[in-house]
Amino acid sequence: MQKIPVVLSIILTILVLVFAFQNPEPAALHLFGAGFSLSLGISLTAFYILGALATFSLWSIKARKESVSRITEEKWQKQDQKLEVEIQSDYVKQLEAKIETLDTALKAALARKKS
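Computed from a predicted model, the values in this text were never measured in an experiment.

Visitor: What should I look at first to understand the overall build of the protein chain in this one?
Guide: When its secondary structure is counted, the protein chain shows 2 helices and 2 strands. Going from N to C terminus, the protein chain has its helices and strands arranged as α-β-β-α. Relative to a compact globule of 115 residues, whose C-alpha radius of gyration would be 13 Å, the protein chain shows 36 Å and is clearly more extended. For the protein chain, the spread of C-alpha atoms along the three principal axes comes to 120 × 35 × 10 Å. Looking at the protein chain as a whole, 7% of its 115 residues qualify as buried. Counting only contacts in the protein chain whose residues sit at least 6 apart along the sequence, the fraction spanning at least 24 positions is 30%. Accessible surface, the protein chain as shown: approximately 10500 Å² in total, 68% of it carbon and sulfur.

Visitor: Please explain helix H2 (residues 40-114) as it appears in this structure.
Guide: Counting along an α-helix, one turn takes 3.6 residues, and residues three or four places apart therefore face a common direction. Taking 1.5 Å per residue as the helical rise, H2 with its 75 residues ought to reach 111 Å, and the 110 Å between its terminal C-alpha atoms agrees with that figure. The set of residues buried in H2 consists of Gly 41, Ser 43 and Thr 45. Taken together, the buried residues of H2 touch helix H1 (3-22), strand E1 (26-31) and strand E2 (34-39).

Visitor: Even after reading the chapter, I still don't get the pattern of salt bridges, so can you show me in this structure?
Guide: Summed over the entire model, instances satisfying the criterion amount to 2 salt bridges. With a shortest N-O distance of 3.8 Å, Glu 66 and Lys 62 are connected by a salt bridge. Residue Glu 66 and its partner Lys 62 are located together in helix H2, separated by 4 residues, close to a single helical turn. Residues Asp 103 and Lys 107 are paired through a salt bridge, measuring 3.6 Å at the closest nitrogen-oxygen approach. Linking Asp 103 with Lys 107, this pair stays in helix H2, spanning 4 residues, or about one helical turn. Under the relative-accessibility criterion, Asp 103 is labelled partly exposed at 31%.

Visitor: What am I meant to see in the pairing of E2 here?
Guide: Remark: a regular strand shows side chains that alternate across the two faces of the sheet. Sheet analysis places E1 next to E2, joined by 6 bridges and oriented antiparallel. Following the sheet pairing, Leu 31 is matched in E2 by Ala 34. Hairpin remark: E1 followed by E2, antiparallel, with 2 residues in the connecting loop; positive phi at Phe 32, about 55 degrees.

Visitor: Honestly, unusual backbone geometry in this entry has me stumped. Any pointers?
Guide: Backbone phi values are negative for most residues with the exception of glycine, while trans is the configuration of most peptide bonds. Look at Phe 32: it is not a glycine, yet its phi comes out positive at around 55 degrees. Here Phe 32 shows up in the loop between E1 and E2.

Visitor: Can you help me understand the packing of H1 against H2 in this one?
Guide: Working note: a packed helix pair is described by the angle between its axes plus the distance between those axes. Two elements in contact, H1 and H2, have axes whose closest approach is 8 Å; the angle formed by their N-to-C orientations is 155 degrees. Classed by the angle they form, the pair H1 and H2 counts as roughly antiparallel. Contacts between H1 and H2 involve Ser 9, Leu 12, Thr 13, Val 16, Leu 17, Phe 19 and Ala 20 from the first element and Leu 40, Gly 41, Leu 44, Thr 45 and Tyr 48 from the second. For the contact of H1 with H2, the class distribution of residues is 8 nonpolar, 4 polar and no charged.

Visitor: Looking at this structure, I do not really get the side chain of Asn 23. What am I missing?
Guide: Tracing the backbone through its elements, the reader meets Asn 23 in the loop between H1 and E1. When residues no more than four places from it in sequence are discounted, the contact partners of Asn 23 are Ser 39, Leu 40 and Gly 41.

Criteria and thresholds
Sequence order as written defines residue numbering, which begins from 1 separately in each chain. Where local features are concerned, this predicted model is filtered to residues with pLDDT of at least 70; where side-chain atom pairs are given and counted, the filter is 80 or more; whole-chain, interface and lining totals use all residues. Hydrogens and water molecules were not included; the side-chain quantities draw on all heavy atoms of the structure. A run of H or I in DSSP becomes a helix once it reaches four residues, and a run of E becomes a strand once it reaches two; helices and strands are each numbered from the N terminus. Radius of gyration here uses only the C-alpha atoms, and the compact-globule reference equals 2.2 Å multiplied by the residue count raised to the power 0.38. With a 1.4 Å probe rolled over the protein chains alone, any residue whose accessible area is under 20% of its type maximum counts as buried; one over 50% counts as exposed, and the rest are partly exposed. Contacts: residue pairs with any heavy atoms within 4.5 Å of one another. Per-residue accessibility takes into account occlusion by the displayed protein chains alone, with areas from the Shrake-Rupley method and a 1.4 Å probe. For a helix, the expected span equals 1.5 Å multiplied by the residue count minus one. By definition, a salt bridge exists where a carboxyl oxygen of Asp or Glu is found within 4 Å of a side-chain nitrogen of Lys or Arg. Only when DSSP finds a minimum of two bridges between them are two strands counted as paired. Angles here are taken between N-to-C directions and fall from 0 to 180 degrees, while the axes themselves are lines fitted to C-alpha atoms, restricted in helices to the stretch in contact. Just so you know how the angles are binned, under 35 degrees is roughly parallel, over 145 roughly antiparallel, 65 to 115 roughly perpendicular, and the rest oblique. Throughout, the ten residues Ala, Val, Leu, Ile, Met, Phe, Trp, Tyr, Cys and Pro are labelled nonpolar, Asp, Glu, Lys and Arg are labelled charged, and all others, Gly among them, are labelled polar.

Listed below in structure tokens is the structure:
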């Protein structure tokens, strides 16, 4: 599945290059009021490369955000694990305190019963 985008990109690049070599005629281009003539194939190839660079930059930004998000999620999971251990420890301490209280009350009741 991961090879499909690579294969499609290669096929598209080959098609663009074939089109570029088959269309060497000059074409008039206008940009911000300036006009110039450039081979249709060269201009198409240049815009194809610019589009690929734009796509790559957006993809790298997305990958960076996902990486940061994954790292943050891992930190949260570690904190959750620590909190779970602390909660379990606190629960055990509460139970031990209750046992101690009951033990003291039982000893006091037994002492009263003896006297």
